[in-house]
Amino acid sequence: LTHAKSAAINGVMDEAKDAIDKLLPYANAIDKMAALSLKGSILASSRQIQEALATIVGVLSDLGETIPQTFDDETLELLFAQTLQSIRENSISEVRKFKLASPNDEAVPIIRFYDMAVHLSHLLHTNMLDIFACKSVMA
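Residues numbered from 1 in each chain as written. Predicted model: local features only at pLDDT ≥ 70, side-chain atom pairs only at ≥ 80, totals over all residues. Heavy atoms only, no water.

(A) Structural view of a nonpolar patch on the surface. Side chains of Phe-80, Leu-84, Ile-87, Val-137 and Met-138 sit close together on the surface and give an oily, nonpolar patch of about 410 Å² of accessible area. Broken down by secondary-structure element, the contributors of at least two residues to the nonpolar patch are α5 (73–88) and α8 (126–138). Among the elements that take part in the nonpolar patch, α5 stands out by supplying three residues, more than any other. The exposure class assigned to Leu-84 is partly exposed, which follows from its relative accessible area of 30%. (Patch = residues over 30% accessible without salt bridge, like charges linked within 9 Å, V, L, I, M, F, W, Y side chains within 5 Å. Areas by Shrake-Rupley, 256 points an atom, 1.4 Å probe, with all protein chains shown as cover. Salt bridge = Lys/Arg side-chain N within 4 Å of Asp/Glu carboxyl O. Helix = DSSP H or I, 4+ residues; strand = E, 2+ residues; numbered from the N terminus. Buried < 20%, exposed > 50% of the residue type's maximum accessible area, 1.4 Å probe, protein only.)

Dropping the structure here:
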């Protein structure tokens, strides 16, 4: 992972991607998430937006998240209604009790990958952005 990071910092993106691909079969869960996050960033910086988003969506699926296969208005309306319902189920006093997540919390990587998906999806499809934003609220 250190080699991949160094290669990326030095602008040798193909070497960084190769190092990540070699690492993934042997990496523990934490290193694997870090490597896939780096790979998504490398792909995005190389203007390979669809490949970057596919990498991020793959990680979210591996983490147990359900990602819609279609990004039509009907899917968006359904997800938006679910998000509103989820928000309504929490009172202000319950929200105030939430603690800042520690780096070890399960939700941290999920939220980080949703954030990446939101940033990437705005370049591809308007509904994608809205759907990933809704999903990140419910993560």
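On we go.
(B) Quick peek at the nonpolar core. In terms of nonpolar packing, the biggest core is built from 37 residues, with Ile-20, Leu-53, Ile-56, Leu-60, Phe-113 and Phe-132 touching the most fellow members. Going through the elements one at a time, α1 (2–9), α2 (13–23), α3 (29–45), α4 (49–62), α5, α7 (107–121) and α8 are the ones with two or more residues in this core. Dropping the residues within four chain positions of it, Phe-113 is found in contact with Met-33, Leu-36, Ser-37, Ile-56, Val-59, Leu-60 and Leu-63. (Core = buried A, V, L, I, M, F, W, Y, C linked by side-chain atoms within 4.5 Å. Contact = heavy atoms within 4.5 Å.)

(C) Molecular detail of the environment of Cys-134. Relative to the helices and strands, Cys-134 resides in helix α8. Residue classification places Cys-134 among the buried positions, given a relative accessible area of 8%. In this structure, the C-alpha to C-alpha distance between Cys-134 and Phe-80, residues 54 residues apart in sequence, is 6.4 Å. Setting aside chain neighbours within four positions, we find Cys-134 in contact with Leu-79, Phe-80 and Thr-83.

(D) Spotlight on the packing of α3 against α4. Orientation of α3 relative to α4, taken along the N-to-C sense of each, is 165°, at an axis distance of 7 Å. Taken together, the axis directions place α3 and α4 in an arrangement best described as roughly antiparallel. When the axes of α3 and α4 are compared, the crossing they make is left-handed. Residues Leu-36, Gly-40, Leu-43 and Ala-44 of α3 form the contact with α4, whose participating residues are Ile-49, Glu-51, Ala-52, Thr-55, Ile-56 and Val-59. Of the residues contributing to the contact of α3 with α4, the split by class is seven nonpolar, two polar and one charged. (Axes fitted to C-alpha atoms, helices over the stretch in contact; angles between N-to-C directions. Parallel < 35°, antiparallel > 145°, perpendicular 65-115°, else oblique. Left-handed = near helix turned anticlockwise from the far one by under 90°. Nonpolar A, V, L, I, M, F, W, Y, C, P; charged D, E, K, R; others polar.)

(E) View of α3. Under the 1.5 Å per step criterion, the end-to-end length of α3 is 24 Å for 17 residues, consistent within 8% with the ideal 24 Å. When α3 is considered as a whole, its buried residues turn out to be Met-33, Ala-35, Leu-36, Ser-37, Leu-38, Lys-39, Gly-40, Ile-42 and Leu-43. Positive backbone phi, at 65°, marks Arg-47, one or two positions downstream of α3. (Expected span 1.5 Å × (residues − 1).)

(F) The arrangement of the pattern of salt bridges in detail. Counting across every chain of the model gives two salt bridges. Its salt-bridge partner being Lys-39, residue Asp-21 comes within 2.8 Å of it at the nearest N-O pair. Taken together, the residues span a long stretch of sequence, with Asp-21 in helix α2 and Lys-39 in helix α3 at a distance of 18 residues.

(G) The packing of aromatic side chains, seen in detail. With the rule as written, the count across this model stands at one aromatic pair. Aromatic side chains Tyr-114 and Phe-132 sit 6.4 Å apart centroid to centroid with 50° between the ring planes, which places their arrangement in the tilted category. Here Tyr-114 is found in helix α7, whereas its partner Phe-132 is found in helix α8, with 18 residues between them in sequence. Positioned above the aromatic ring of Phe-113 is the side chain of Arg-112, whose terminal nitrogen or guanidinium carbon lies 5.3 Å from the ring centre. (Phe/Tyr/Trp six-rings, centres within 6.5 Å; stacked < 30°, edge-to-face > 60°. Lys NZ or Arg CZ within 6 Å of the ring centre and 35° of its normal.)

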